[in-house]
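Okay, here's what each chain looks like letter by letter:
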Amino acid sequence: MPSDYTQYNTNAAALMDAHVAAYMSWYEAAVVLYLIAALVFAGYWFFRSWTPIAAGIVFASLGIIAQTISLGLRWHYSGHVPWNDLFGSLSVVSLFTAVLFLIFGARYRIWFAAPLAFLFSDALLAYAKGWNKGLEPLVPSLQSSWIYIHVPVVLASYAAFLIGCVLSILYLFKKADEDRIVRAAGQSVGAAVSTQTADLDIARPRWLAWLDALPASSKLDVAAYRVNSVGEILLTAGIILGALWAHVSWGSYWQWDPKETAALVNWIVYAAYVHLHTKPSMRGTITAWVSIIGFATVLFSYFAVNIVISGLHSYK
Amino acid sequence: MSAGSAVRERSLYDQTLDVLSNVMFPVFVFAIWAALTLVGTSVDQNIPPEQYYQEYPAPMANAILRLHLTNVFHSWPYIALVLLLLLSMSVCTFRRVIPKRFPKDRALPIENFGLHAARESSLDFDTTADAVEDYARRRGFSVRTQTIDGNRWVFADKQKWARYGVLVAHVGFAVIAVGAFIGWLWGYRGELQIYQGQTVSVPQAGLLVSLSRFIGRFEPVQTKAGTVYQASRFQSDVHVIGPGTDAQPSILVNHPFITAGSVYLYQASYGYGGNLQISRNGKPVTLPDVNGRLSPQDVVLLPGTSRVIEYGTMLGPSDPSQAPAGVPLPKADTYALWLFHDQIPTTQRPILLPVGASYDIGDGYTMKALPPVAWSGLTYRFDPGEGWVGAGALILTAGFVMALFFMPIKLYARVRRTDAGPVVDVAATTTKGNAMYEDDFEALVNGLADRLRAPASGTIGETVNAYA
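In short, a report on the structure. (Residues numbered from 1 in each chain as written. Chains lettered and ligands numbered in written order. Predicted model: local features only at pLDDT ≥ 70, side-chain atom pairs only at ≥ 80, totals over all residues. Heavy atoms only, no water.)

## Here's the deal with the overall build of chain A
Moving on, step 1. Looking only at helices and strands, chain A has 10 helices and zero strands in total.
Moving on, step 2. Counting helices and strands in the order they occur from the N terminus, chain A gives α-α-α-α-α-α-α-α-α-α.
Moving on, step 3. Taken across its 316 residues, chain A has 57% of its residues classed as buried.
Moving on, step 4. Of the contacts made within chain A by residues no fewer than 6 positions apart, 77% connect residues no fewer than 24 positions apart. (Helix = DSSP H or I, 4+ residues; strand = E, 2+ residues; numbered from the N terminus. Buried < 20%, exposed > 50% of the residue type's maximum accessible area, 1.4 Å probe, protein only. Contact = heavy atoms within 4.5 Å.)

## Concerning unusual backbone geometry
Moving on, step 1. Of note, R48 of chain A is a non-glycine position whose phi angle comes to about 55°, a positive value.
Moving on, step 2. Mapped onto the elements of the fold, R48 of chain A is located in the loop between α1 (12–47) and α2 (50–78).
Moving on, step 3. With phi around 75°, Q297 of chain B is a residue other than glycine that occupies positive phi space.
Moving on, step 4. Relative to the helices and strands, Q297 of chain B is located in the loop between β13 (291–294) and β14 (299–301).
Moving on, step 5. Exposure remark for Q297 of chain B: the relative accessible area of 66% places this residue in the exposed category.

## Some words on empty space enclosed by the protein
With a probe scaled to a water molecule rolled over the atoms, the places where space remains empty come into view.
Moving on, step 1. Tallied over the full model, the rule gives two cavities of 30 Å³ or more.
Moving on, step 2. The calculated volume of the largest cavity comes to roughly 90 Å³.
Moving on, step 3. The wall of the largest cavity is formed by 13 residues, among which V132, A136, L411, A413 and V426 of chain B lie closest to the centre.
Moving on, step 4. For the lining of the largest cavity, the secondary-structure elements that each account for two or more residues are α6 (125–138), β3 (151–158), β21 (409–416) and α9 (434–453) of chain B.
Moving on, step 5. Class assignment of the residues belonging to the lining of the largest cavity gives a composition of 12 nonpolar, no polar and one charged.
Moving on, step 6. For the second largest cavity, the calculated volume is near 50 Å³.
Moving on, step 7. L90, V93, L124, Y158, A159, L162, F295, V298, L299, Y302 and F303 of chain A are the residues that line the second largest cavity. (1 Å grid on protein atoms, 1.4 Å probe; cavity = no way out; pocket = protein on both sides within 12 Å on 5 of 7 lines; lining within 4 Å. Points joined across faces, edges and corners; volume = space filled by probe spheres on them. Nonpolar A, V, L, I, M, F, W, Y, C, P; charged D, E, K, R; others polar.)

## Examining the environment of G72 of chain A
Moving on, step 1. One can find G72 of chain A in helix α2.
Moving on, step 2. On the basis of relative accessible area, G72 of chain A is assigned to the partly exposed category, the value being 34%.

## Describing the interface of chain A and chain B
Moving on, step 1. Taken together, the contact pairs 63 residues of chain A with 58 residues of chain B.
Moving on, step 2. When the two sides are added together, the surface that chain A and chain B hide from each other amounts to roughly 5,200 Å², 64% of it contributed by carbon and sulfur.
Moving on, step 3. At the boundary of chain A with chain B, the tally comes to three salt bridges.
Moving on, step 4. Residue R109 of chain A pairs with D439 of chain B through a salt bridge whose shortest N-O separation is 3.6 Å.
Moving on, step 5. Here chain A and chain B share 17 residue pairs in polar contact (both at pLDDT 80 or more) between them.
Moving on, step 6. Breaking the side of chain A that touches chain B down by element, the ones donating at least two residues are α1, α3 (86–108), α8 (217–249), α9 (258–276) and α10 (285–308) of chain A.
Moving on, step 7. It is α8 of chain A that provides the largest number of residues to the side of chain A that touches chain B, a total of 16 residues.
Moving on, step 8. Taken together, the residues of the side of chain A that touches chain B sort by class into 39 nonpolar, 16 polar and eight charged. (Buried area = accessible area lost by both parts, 1.4 Å probe. Salt bridge = Lys/Arg side-chain N within 4 Å of Asp/Glu carboxyl O. Polar contact = N/O pair within 3.5 Å; in protein donor to acceptor, adjacent residues only side chain to side chain.)

## Examining the sheet that holds strand β1 (residues 115–120) of chain B
All names here are of chain B.
Moving on, step 1. Reading across the sheet, the five strands line up as β1-β22-β21-β3-β2 and stay open at both edges, with antiparallel pairing between neighbours. Both edges of this open sheet fall to β1 and β2 (142–148), since each of them pairs with a single strand only. The average angle at which neighbouring strand axes cross in this sheet is 15°, direction not considered.
Moving on, step 2. Here seven bridges tie β3 to β21, and the two strands are oriented antiparallel to one another. Counted as the bridge partner of D157 is K410 from β21.
Moving on, step 3. Sitting on the sheet, α6 touches β2, β3, β21 and β22 (423–430), and the angle it makes with β3 is about 5°. (Pairing = 2+ DSSP bridges. Axes fitted to C-alpha atoms, helices over the stretch in contact; angles between N-to-C directions.)

## Here we look at the nonpolar core
Moving on, step 1. In this structure, F101, I110, F112, F118 and L167 of chain A together with F141 and Y437 of chain B are the most contacted members of the largest nonpolar core, which totals 153 residues.
Moving on, step 2. Lining this core are residues from two domains, each supplying at least three of them: domain 1 (3–100) and domain 2 (103–159 + 407–451) of chain B.
Moving on, step 3. When residues no more than four places from it in sequence are discounted, the contact partners of F112 of chain A are Y44, W45, L167, L170, A213, L214, P215 and L220 of chain A.
Moving on, step 4. In terms of nonpolar packing, the next biggest core, distinct from the first, is built from 47 residues, V200, L207, I251 and L329 of chain B among them. (Core = buried A, V, L, I, M, F, W, Y, C linked by side-chain atoms within 4.5 Å. Domains from an automatic or database assignment.)

## Looking at the packing of aromatic side chains
Two numbers describe a pair of aromatic rings. These are the distance of the centres and the angle of the planes.
Residues and elements named next belong to chain A.
Moving on, step 1. Taken as a whole and assessed by the stated rule, the structure comprises 44 aromatic pairs over all chains.
Moving on, step 2. Here W45 and W210 contribute two aromatic rings whose centre-to-centre distance is 4.4 Å and whose plane-to-plane angle is 20°, an arrangement assigned as stacked. Within this pair, whereas W45 is found in helix α1, its partner W210 is found in the loop between α7 (199–202) and α8, the two being separated by 165 residues in sequence.
Moving on, step 3. Consider the rings of Y225 and Y273, whose centres lie 6.3 Å apart with planes at 25°: the pair is stacked. In this pair, Y225 sits in helix α8 while Y273 sits in helix α9, placing the two residues 48 residues apart along the sequence.
Moving on, step 4. Three or more aromatic residues joined by ring pairs make a cluster, and in this case those are Y34, F41, F101, W111 and F118. (Phe/Tyr/Trp six-rings, centres within 6.5 Å; stacked < 30°, edge-to-face > 60°.)

## Looking at the pattern of salt bridges
Moving on, step 1. Going through the model one piece at a time under the given rule, you end up with 25 salt bridges over all chains.
Moving on, step 2. Close ionic contact of R414 of chain B with E111 of chain B constitutes a salt bridge, the shortest N to O distance being 3.1 Å. Placement of R414 of chain B in strand β21 and of E111 of chain B in the loop between α5 (76–97) and β1 is noted, with a sequence separation of 303 residues between them.
Moving on, step 3. For E111 of chain B, a relative accessible area of 46% translates into the label partly exposed.
Moving on, step 4. Here the salt bridges share partners, and the residues they tie into one network are R109 and K219 of chain A together with E438 and D439 of chain B.

## Considering the packing of helix α5 (residues 150–185) of chain A against α10 of chain A
If you want to describe how two helices pack, look at the angle between their axes and the distance between the axes.
Residue and element names in this part refer to chain A.
Moving on, step 1. At their nearest, the axes of α5 and α10 sit 8 Å apart, and the two run at 145° to each other. Like other packed secondary-structure pairs, α5 and α10 cross with a definite hand, here left-handed. For the pair α5 and α10, the contacting residues are L155, Y158, F161, L162, G164, C165, S168, I169, Y171, L172 and K175 in the first and T285, A288, W289, S291, I292, F295, V298, S301 and Y302 in the second.
Moving on, step 2. For the contact of α5 with α10, a count of residues per class yields 14 nonpolar, five polar and one charged. (Left-handed = near helix turned anticlockwise from the far one by under 90°.)

## So, α9 of chain A
Moving on, step 1. A rise of 1.5 Å per residue sets the reference length of α9 of chain A, with its 19 residues, at 27 Å; its end C-alpha atoms lie 27 Å apart and thus fit the reference within 8%.
Moving on, step 2. With respect to burial, α9 of chain A is a largely interior element, 18 of its 19 residues being buried. (Expected span 1.5 Å × (residues − 1).)

## A few points about the side chain of S252 of chain A
Moving on, step 1. Secondary-structure assignment places S252 of chain A in the loop between α8 and α9.
Moving on, step 2. A distance of 3.1 Å separates the side chain of S252 of chain A from the backbone oxygen of W254 of chain A, its partner in a polar contact.
Moving on, step 3. Discounting chain neighbours no more than four positions away, the residues touching S252 of chain A are A243, A246 and H247 of chain A together with R189 and R381 of chain B.

## Describing helix α7 (residues 165–186) of chain B
Residue and element names in this part refer to chain B.
Moving on, step 1. Taking 1.5 Å of rise per residue, 22 residues should cover 32 Å, and α7 covers 32 Å from first to last C-alpha, within 8% of that figure.
Moving on, step 2. Among all positions in α7, only G165, L167, A169, H170, G172, V175, G179, I182 and G183 are buried.
Moving on, step 3. Packed against the buried residues of α7 are α5 and α8 (386–405).

Okay, structure coming up:
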């Protein structure tokens, strides 16, 4: 940690402000770029061509670069990892969401989910700005190699769950639309969709026309399962890594600290999700709601526990 | 009961096992477990009852105390839930997971599979069968063939080992549970507070621990209110003597010392004991704890008087983290003290006494501030189950990766003769449902169709983007 910020340096405040301004300028650029990416990706919902997807990928990539520079500058000026506080960790979640989405998008072809995913991610990034407290030294309990592994793995799991939640939300919209088609046409979804009669659109509000850009609900369920599975694997590894770190740092694998127990809640909900998904009758609407509830518990463990409830992980 | 009908009644034991091994049972237990854990996370645990009335509205505090929500995680219902889950997991493993891992190679009605297709071949029968076999092998399947009722059957598996994933994950849990139980049964832990120059013992381990020196390093942090100081390093230089151990390590946060007997010593906390020299009429007076052992709110009664010293805190370079934001840090360590005479403070503000300075208390008493004495808080711990827990964690993670990330696929391909030539019927099954493999199955079938049109010696360099 540089010694330039001491009280004996009359220039300390100005120097701190200059360093903070440097990484925040790239940070704000990322906020704007992710928002543009979300809006551009939304073009696919209405125009169904690859052009908005390609353009969205470009803007998302630029946002990733800007955010990486911001985190890198913060790392350089502080002398330690930038995810030591709520501001830094929220920023990393947003970055991981963008990166993971580009990977999942290419692997599982889920570009249709990009507008929502980037919108959520950008909202997190914009909210995190209020938690920027400048540059602080790393407290002794965080001075460990484990911070390079445990924290990013857990944050990556949160990012995966965010994408899984988006897919589950889209599933519910699509399923409701498919059920509406079945009721309107009195036939199977496949037959009703293939006829593409204009009458079927009468009952659908115009603002839901973008639902045609989504694949069948069964495909959305598959995509959500794949993404949530990655998240559950990462969360399991993250909790185990955290336990190993706690063993080294505090002398106990598990101290029933609120952050630990909140992460356990997250893990339990997604364990229920993967178990439910083994039963065909439970796949679909039920697992979609469990996925959404799971992400709600992730938000609880991130915000309520870190901000409101005191504990070893508290930022209070 | 009518003749010819056989109604088999299941025993209570079998019915119980049916319930425990039904996947909905652990899901139900998960839901309750999550809810209880959420309650324990949200409600402060293990604090004095009266403190609940300070932190929560009275009706909520009443409810918390009456429902015994003050110690959720160590309550019998909570432990019972975890044990129930372990029991269900064990029953499910032996009743469902192990027996049903590998579908047998059998001639099955292909049309009954959710994922099935048929493609005609322009090749002769034997070449078609060889092409199907070769095609599956090139796509990473392990292949076996049989001739059944004149048809050539090709049975192919991919990532068959992933079917062990659930079993491996469940075993991992069991190993963790064993390790946690061993640790609970035979392990121990405790706290030590050692002043610089002091020696304390760890009776369970037969250890003696002496603190030679404690170092605390602090870094300045700029805030809107001014500069504050944040701890950046705590280090205890100790001498540890015990069975098989005679060492002088430096213990830091995240860098515990491990004795020969696998007892861990962790850096947990620190402090500085106030150090005063009390004299009366020029002669030193011996009083308990004043020599480097004073803690905040400690009270020292001066004999023969109604005067009392109340120790507040120490501000200064030794522990700048105690200085409020915006308050200039004293250049020398300074004690903040209150003096009471007949229970009335003698000053309106605390007395700030720098190290080296003296203060006339009254009734012949004077006090002189001496340098504070650092103390280090160490936690010691012995856990014989940690190896089991570590191994279980690795096994669990491996099981999760196998079960959740990879998808085992079994292919059934039947080559049969028709008047129009050989026809290949293909079906696929996975452990994750048909929808998961739908797109890849379509690509596989299309690739096979191309293969059955092409010359047998040619290869089609199609890469299938199978699930994993």
